[in-house]
Protein chains: 2
Amino acid sequence: MSDSLGAAGVHMANGFDPREGADVAPEVARLLQRRDRVLGPAYRLFYEKPVAVREAHGARLTGHDGRVYLDAYNNVPVIGHSHPKVRQAVAEQLGRLNTHTRYLTEPIIEYSERLLATFPDPLSRVTYACTGSEAVDLAIRIARHRTGRSGIIISQHAYHGTTVAAAQLSPSLGPNNRLGEHVVTVPSVDTARTPVSEVGPRMTASVRRAVEELEGRGDGVAAVIFDSVLSSDGVQTEPAGFLRGAAEVVRAAGGLYIADEVQAGFGRTGGWWGFERHGLLPDLAVLGKPMGNGMPISAVVGTLDAQERFGSEVRYFNTFGGNPVSIAAAAAVLDVLEEEGLLAHARHTGDRLLAGLRRIMADNERVFHVRGAGMFLAADLGQPDDPSAPDPRLATRVVNGMREAGVLISASGPAAASLKIRPPLAFTEDDADELLEVLEKVVATESRQ
Amino acid sequence: MSDSLGAAGVHMANGFDPREGADVAPEVARLLQRRDRVLGPAYRLFYEKPVAVREAHGARLTGHDGRVYLDAYNNVPVIGHSHPKVRQAVAEQLGRLNTHTRYLTEPIIEYSERLLATFPDPLSRVTYACTGSEAVDLAIRIARHRTGRSGIIISQHAYHGTTVAAAQLSPSLGPNNRLGEHVVTVPSVDTARTPVSEVGPRMTASVRRAVEELEGRGDGVAAVIFDSVLSSDGVQTEPAGFLRGAAEVVRAAGGLYIADEVQAGFGRTGGWWGFERHGLLPDLAVLGKPMGNGMPISAVVGTLDAQERFGSEVRYFNTFGGNPVSIAAAAAVLDVLEEEGLLAHARHTGDRLLAGLRRIMADNERVFHVRGAGMFLAADLGQPDDPSAPDPRLATRVVNGMREAGVLISASGPAAASLKIRPPLAFTEDDADELLEVLEKVVATESRQ
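This is a predicted model, so every value here is computed, not measured.

## Description of the domain arrangement of chain A
Residue and element names in this part refer to chain A.
Alright, step 1. Taken as a whole, chain A is organised into domain 1 (7-79 + 342-447) and domain 2 (84-339).
Alright, step 2. Computed from C-alpha atoms alone, the centre-to-centre distance between domain 1 and domain 2 is 25 Å.
Alright, step 3. Listed as interface residues are 34 residues of domain 1 and, on the opposing side, 34 residues of domain 2.
Alright, step 4. It is I79, L343 and F376 that lose the most area in domain 1 upon contact with domain 2, and together they represent 24% of the buried surface on that side.

Below, the structure written as structure tokens:
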């Protein structure tokens with residue numbers, strides 16, 4: 001497998017390439033064949049040898065061959081795969097009512113009250129959709145309508161989704177995916193290779209230049225949108241606070257700050273929302289993936305000021321958005337996050353994982369940098385002769401070596417050389433130790449290849 | 001309530017206007033107040049007096065006040081509200097596995113094989129998303145990538161969704177929602193006021209002019225997209241076949257024909273797909289609403305030729321799209337549609353409803369025209385002095401009068417003067433007779449106002 005080019009030259013970290021003819025089990029080969037005959041050609045699978053999954057519980061997936069994998073990658077099942085409380089809440093609601101928001105129903109109101117209580121006061125209204133892409137797309141509509149301008153500022157290796165408008169904000173989808181005309185990128189912040197005191201000032205200066213470029217073109221700035229952990233840019237987490245200046249610059253130019261919390265939100269970084277680490281107050285926040293533990297639900301949360309003009313002049317209806325069943329799942333997720341103290345757990349387990357990554361780095365010079373916020377962590381792998389030079393081939397070997405050893409992680413970043421470690425929050429201390437033990441061995445083995 | 005202007009002048013048939021100060025029950029007033037404090041300002045409710053719903057089963061909804069309503073409007077719960085087979089399938093799958101398509105899982109393959117068997121052979125590949133909007137948006141990306149062109153042809157009062165790209169194809173969202181630069185509209189076909197033999201030729205000629213306009217501008221035609229029942233254009237169903245010429249014209253110009261089956265599909269018109277009535281073969285078909293009986297799932301089904309270039313050069317990943325739980329719901333829907341013979345039932349019950357509408361029309365000159373395909377029907381209401389002139393005020397009174405009498409329908413069309421009758425397919429002959437009996441009375445009463 002080529003490290004960052006999947007089928008037909010499409011850039012994708014950790015993609016399966018059927019042309020490589022990997023030696024898979026006969027049952028997997030049959031599934032692959034049937035799949036190719038019915039699914040659209042835009043689908044991609046993970047790993048040199050795809051993982052065929054039959055069931056999953058907590059932080060473990062079971063393969064078709066009975067093999068059990070430790071899941072250190074999936075952020076959607078935030079409270080654990082197949083969680084009984086989500087199952088029960090969904091089953092109960094499916095037996096009672098599942099209709100849309102043009103009738104008046106109580107569950108969506110109750111949940112919204114609880115959800116908004118986790119946000120700072122000015123973020124006081126929520127609109128539901130079904131996917132992160134839809135929520136990003138809606139936030140862009142709202143921002144453009146509010147400001148009367150078209151320009152959007154994004155990070156150079158951003159990923160914000162797959163609708164036409166969201167893909168136009170997603171350079172990480174590769175060179176065949178064109179950015180929007182009114183979209184300006186700022187350089188990916190590379191915290192591993194930037195003095196800590198300069199990360200914030202550089203980001204602020206980049207955003208200021210982008211604002212000037214948009215104003216020079218006559219587009220003006222409608223919004224900046226940043227993933228609060230800059231996941232596809234390689235998971236950029238330190239120093240907390242480095243996005244604050246960017247928000248101030250955009251706000252001063254009359255644009256909105258949109259926090260993409262699809263990856264960072266719901267406790268992932270150890271607090272409710274990733275923007276909190278940066279000491280900034282967004283105009284709009286976009287929520288998704290873990291919100292319903294896998295049931296499709298997403299949202300835009302924002303100030304009334306940001307949303308009012310769009311709301312009064314246009315309108316928005318999403319047939320499945322905020323349906324009582326997805327809301328029931330989302331409410332069960334809030335219950336478990338609170339009852340089981342998973343935000344504090346994310347901080348403690350995240351610290352344990354980060355300390356372990358630091359030990360591995362100390363023992364292996366090919367591990368150039370490690371970082372993380374809560375349970376979202378990364379390790380940059382480097383070349384043997386110059387560890388500061390990213391080594392995507394080594395990252396690919398480590399990701400696939402981990403899979404062979406029974407632990408699921410992936411790679412990320414502009415060079416696809418940053419290991420991405422992002423387990424369900426239902427990941428115990430023992431799971432963390434198991435992950436670190438396997439990682440240490442695999443990195444040692446693959447570094448010697 | 002103004003007939004077609006909702007809050008703040010946004011065009012919406014059958015929208016609740018809080019400024020009208022409708023006399024609602026105290027419990028409903030409290031819910032409205034709490035709702036306003038948390039939901040985004042883009043939300044709208046149905047009816048002069050919103051319906052507060054507590055539960056729903058089969059074709060009946062129960063209000064907060066215990067009142068039972070006959071549902072003759074909702075197409076999402078196609079096999080009936082709170083269907084036990086969907087509930088069971090979802091609960092079982094939620095206890096086992098709910099992950100994404102980058103692992104290999106069997107349920108999505110099995111379901112895809114079954115789904116594609118309901119399509120003509122050339123439509124051989126399916127890609128899943130979560131909402132009709134996402135599927136329309138994806139179809140547009142695929143069509144533009146396939147053709148290398150940007151122009152899209154739509155109907156004048158079309159509705160195709162709420163993403164940036166889908167809203168640009170949705171003039172029915174009102175004047176504050178701008179169409180795309182590369183979008184050209186053709187006049188709404190008004191089958192009630194057009195000689196039957198001219199409906200098809202007029203549509204074909206309109207589409208030919210639109211193709212010429214796009215080619216003249218240098219955009220070229222990427223695709224035409226039509227809802228196969230032209231629902232928001234007033235439900236335009238007769239004569240079957242009138243869209244075929246349009247498809248031929250676009251195909252000859254090198255563009256794709258996209259059938260929007262979000263409303264027409266899954267048995268609604270008495271066959272599997274609405275395009276079948278028109279004797280045409282689309283390049284892409286977009287599925288949504290009833291697909292999972294309310295669980296969020298949608299799809300693009302199309303030829304390999306239409307999808308191949310996008311699939312090999314870009315890629316598409318939708319985190320929740322085609323997840324095993326939504327697939328389980330969709331499979332249960334197929335089971336019930338087949339086991340209970342609901343396609344034939346839609347034809348028979350639809351015929352019964354249409355015959356009843358004809359009787360009402362014969363007795364009341366304000367009913368200018370009735371039509372339908374399967375269980376998607378419409379009745380145009382007209383002015384007292386000239387019944388051929390649309391009367392949106394009468395339509396609003398009838399829709400709200402029906403609600404007061406315990407039957408839920410809505411209005412549609414460019415003038416918002418077409419009653420829209422579109423019950424779950426789990427709507428019995430007795431339900432049909434009840435609907436007709438109430439409708440006859442309400443139309444008679446309101447016509448005399």
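## Looking at the confidence of the model for chain A
Note: predicted coordinates in regions of low pLDDT should not be interpreted at a detailed level.
All names here are of chain A.
Alright, step 1. Mean pLDDT over chain A works out to 95, with 98% of the residues at or above the 70 mark.
Alright, step 2. Scored below 50 in pLDDT, residues 1-9 shows 29 contacts in the model against residues more than four places distant or in partner chains.
Alright, step 3. Scored as a complex, the prediction yields pTM 0.97 and ipTM 0.96.

## Remarks on the packing of aromatic side chains
Alright, step 1. This structure, assessed with the given rule, holds 18 aromatic pairs over all chains.
Alright, step 2. Here F119 of chain B and F275 of chain B contribute two aromatic rings whose centre-to-centre distance is 6.3 Å and whose plane-to-plane angle is 25°, an arrangement assigned as stacked. With F119 of chain B in the loop between α3 (107-116) and β4 (125-129) and F275 of chain B in the loop between β8 (256-260) and β9 (284-287), this residue pair connects regions lying 156 residues apart in the sequence.
Alright, step 3. For F119 of chain B, a relative accessible area of 6% corresponds to the buried category.
Alright, step 4. Classification of F275 of chain B by relative accessible area gives buried; the value is 1%.
Alright, step 5. An aromatic cluster is defined as three or more aromatic residues linked by ring pairs; in this entry it consists of F119, F266, W272, W273 and F275 of chain A.
Alright, step 6. For the cation-ring pair, R102 of chain A lies above F317 of chain A, with the distance from its terminal atom to the ring centre recorded as 4.3 Å.

## Topic: the packing of helix α2 (residues 84-94) of chain A against helix α10 (residues 324-339) of chain A
Residue and element names in this part refer to chain A.
Alright, step 1. Between α2 and α10, the shortest axis-to-axis distance is 8 Å and the interhelical angle comes to 150°. Taken as axis vectors, α2 and α10 run roughly antiparallel relative to one another. Of the two possible hands of crossing, α2 and α10 adopt the one that is right-handed. Here K85, V86, A89, V90, Q93 and L94 of α2 come into contact with α10, specifically with P324, V325, A328, A329, A332, V333, V336 and E339.

## Examining the nonpolar core
Alright, step 1. In terms of nonpolar packing, the biggest core is built from 240 residues, with L115 and Y128 of chain A together with L115 and Y128 of chain B touching the most fellow members.
Alright, step 2. Per-element accounting of this core gives the leading share, 11 residues, to α10 of chain A.

## Focus: the relation of the copies chain B and chain A
Alright, step 1. Once chain B is rotated about the relating axis by 180° and shifted along it by 0.0 Å, it coincides with chain A to within an RMSD of 0.0 Å. Seen this way, the second copy is the image of the first under a two-fold rotation axis. Among all residues of chain B, the minimum C-alpha distance to the rotation axis is found for A91 of chain B, at 2.8 Å.

## Some remarks on the layout of surface pockets
Alright, step 1. Reported here for the largest pocket is a volume of approximately 1,700 Å³.
Alright, step 2. Every residue lining the largest pocket is counted, 43 residues in all, and those nearest its centre are V164 and Q168 of chain A together with R144, V164 and Q168 of chain B.
Alright, step 3. Elements with a minimum of two residues in the lining of the largest pocket: α4 (132-147), α5 (164-167) and α9 (304-313) of chain A together with α4 (132-147), α5 (164-167) and α8 (304-313) of chain B.
Alright, step 4. When its volume is computed, the second largest pocket comes out at roughly 560 Å³.

## Let's talk about the side chain of R102 of chain A
Alright, step 1. The residue R102 of chain A is located in the loop between α2 and α3 (107-116) in this model.
Alright, step 2. Although R102 of chain A is buried, it forms no salt bridge, and the closest oppositely charged side chain is D36 of chain B at an N-O distance of 13 Å.
Alright, step 3. Dropping the residues within four chain positions of it, R102 of chain A is found in contact with R315 and F317 of chain A together with M12, R44, L45 and F46 of chain B.

## Describing the environment of P392 of chain A
Alright, step 1. Inspection of the secondary structure puts P392 of chain A in helix α12 (residues 392-404).
Alright, step 2. In this structure the C-alpha to C-alpha distance between P392 of chain A and L39 of chain A, which are 353 residues apart in sequence, comes to 29 Å.

## Some details on the interface of chain B and chain A
Many structure descriptions define interface size as the accessible area lost when the parts assemble.
Alright, step 1. Residue-level contacts link 103 residues of chain B with 103 residues of chain A.
Alright, step 2. Carbon and sulfur atoms make up 60% of the surface buried where chain B meets chain A, a total of about 9,100 Å² over both sides.
Alright, step 3. On the chain B side of the interface with chain A, the three residues burying the most area are Y103, L104 and R315 of chain B, jointly 10% of the side's total.
Alright, step 4. Summed over the shared surface of chain B and chain A, the number is 4 salt bridges.
Alright, step 5. A salt bridge links E113 of chain A to R34 of chain B; the nearest nitrogen and oxygen atoms lie 2.9 Å apart.
Alright, step 6. One can count 50 residue pairs in polar contact (both at pLDDT 80 or more) joining chain B with chain A.
Alright, step 7. The residue makeup of the side of chain B that touches chain A, split by class, is 51 nonpolar, 30 polar and 22 charged.

## Regarding the pairing of strand β12 (residues 376-381) of chain B
Both faces of the sheet carry side chains from a regular strand, because those side chains alternate between them.
Residue and element names in this part refer to chain B.
Alright, step 1. Here β12 lies mainly inside the structure; 6 of its 6 residues are buried.
Alright, step 2. Bridge count for strand β11 (residues 367-373) against β12 is 6 bridges, and the pairing is antiparallel. The residue bridging V367 from the neighbouring strand is L381, located in β12.
Alright, step 3. Hairpin geometry of β11 and β12 is characterised by an intervening segment of 2 residues between the two adjacent antiparallel strands and by a positive phi of about 55° at G374.
Alright, step 4. Examined bridge by bridge, β12 and strand β15 (residues 418-421) share 4 bridges and lie antiparallel to one another. Bridging from a neighbouring strand, A378 pairs with K420 of β15.

## A short note on the sheet that holds strand β15 (residues 418-421) of chain A
Residues and elements named next belong to chain A.
Alright, step 1. The strand order across the open sheet built from 4 strands is β11-β12-β15-β14, with neighbouring strands paired in antiparallel fashion. Each end of this open sheet is capped by a strand with a single partner; those strands are β11 (367-373) and β14 (410-412). Strand-to-strand, the axes of this sheet are offset by a mean angle of 30°, without reference to chain direction.
Alright, step 2. The strands touched by helix α11 (residues 342-363) within the sheet are β11, β12 (376-381) and β15, with β11 carrying the most contacts at an inclination of about 175°.

## Thoughts on the pattern of salt bridges
Residue and element names in this part refer to chain A.
Alright, step 1. For the coordinates displayed, the defined rule picks out 50 salt bridges over all chains.
Alright, step 2. Notably, a salt bridge pairs R146 with D305, separated by 3.0 Å at the nearest N-O pair. With R146 in helix α4 and D305 in helix α9, this pair connects stretches of sequence that are 159 residues apart.
Alright, step 3. The class of D305 is partly exposed, set by a relative accessible area of 48%.
Alright, step 4. The network of salt bridges with shared partners includes D190, R193, R371 and D380.

## Topic: the environment of V183 of chain B
Residues and elements named next belong to chain B.
Alright, step 1. Counting through the fold element by element, V183 comes out in strand β6 (residues 183-186).
Alright, step 2. On a C-alpha basis, the gap between V183 and F242 in space is 22 Å, while along the polypeptide they are 59 residues apart.
Alright, step 3. Among residues more than four places away in sequence, those in contact with V183 are I152, I154, Q168, L169 and R217.

## Quick notes on the pairing of strand β7 (residues 221-227) of chain A
Residue and element names in this part refer to chain A.
Alright, step 1. Counting buried positions over the 7 residues of β7 gives 7, a clear majority of the element.
Alright, step 2. Here strand β5 (residues 151-155) pairs with β7 via 3 bridges, running parallel. By the bridge assignment for β7, G151 is matched with V221.
Alright, step 3. In this structure, β7 lies alongside strand β8 (residues 256-260), joined through 5 bridges in parallel fashion.

Each value, and the rule that gives it
Residues numbered from 1 in each chain as written. Chains lettered and ligands numbered in written order. Predicted model: local features only at pLDDT ≥ 70, side-chain atom pairs only at ≥ 80, totals over all residues. Heavy atoms only, no water. Domains from an automatic or database assignment. Contact = heavy atoms within 4.5 Å. Buried area = accessible area lost by both parts, 1.4 Å probe. pLDDT = per-residue confidence, 0-100. Phe/Tyr/Trp six-rings, centres within 6.5 Å; stacked < 30°, edge-to-face > 60°. Helix = DSSP H or I, 4+ residues; strand = E, 2+ residues; numbered from the N terminus. Buried < 20%, exposed > 50% of the residue type's maximum accessible area, 1.4 Å probe, protein only. Lys NZ or Arg CZ within 6 Å of the ring centre and 35° of its normal. Axes fitted to C-alpha atoms, helices over the stretch in contact; angles between N-to-C directions. Parallel < 35°, antiparallel > 145°, perpendicular 65-115°, else oblique. Left-handed = near helix turned anticlockwise from the far one by under 90°. Core = buried A, V, L, I, M, F, W, Y, C linked by side-chain atoms within 4.5 Å. Least-squares fit on C-alpha atoms with pLDDT ≥ 70 in both. 1 Å grid on protein atoms, 1.4 Å probe; cavity = no way out; pocket = protein on both sides within 12 Å on 5 of 7 lines; lining within 4 Å. Points joined across faces, edges and corners; volume = space filled by probe spheres on them. Lys, Arg positive; Asp, Glu negative; His and termini not counted. Salt bridge = Lys/Arg side-chain N within 4 Å of Asp/Glu carboxyl O. Polar contact = N/O pair within 3.5 Å; in protein donor to acceptor, adjacent residues only side chain to side chain. Nonpolar A, V, L, I, M, F, W, Y, C, P; charged D, E, K, R; others polar. Pairing = 2+ DSSP bridges.

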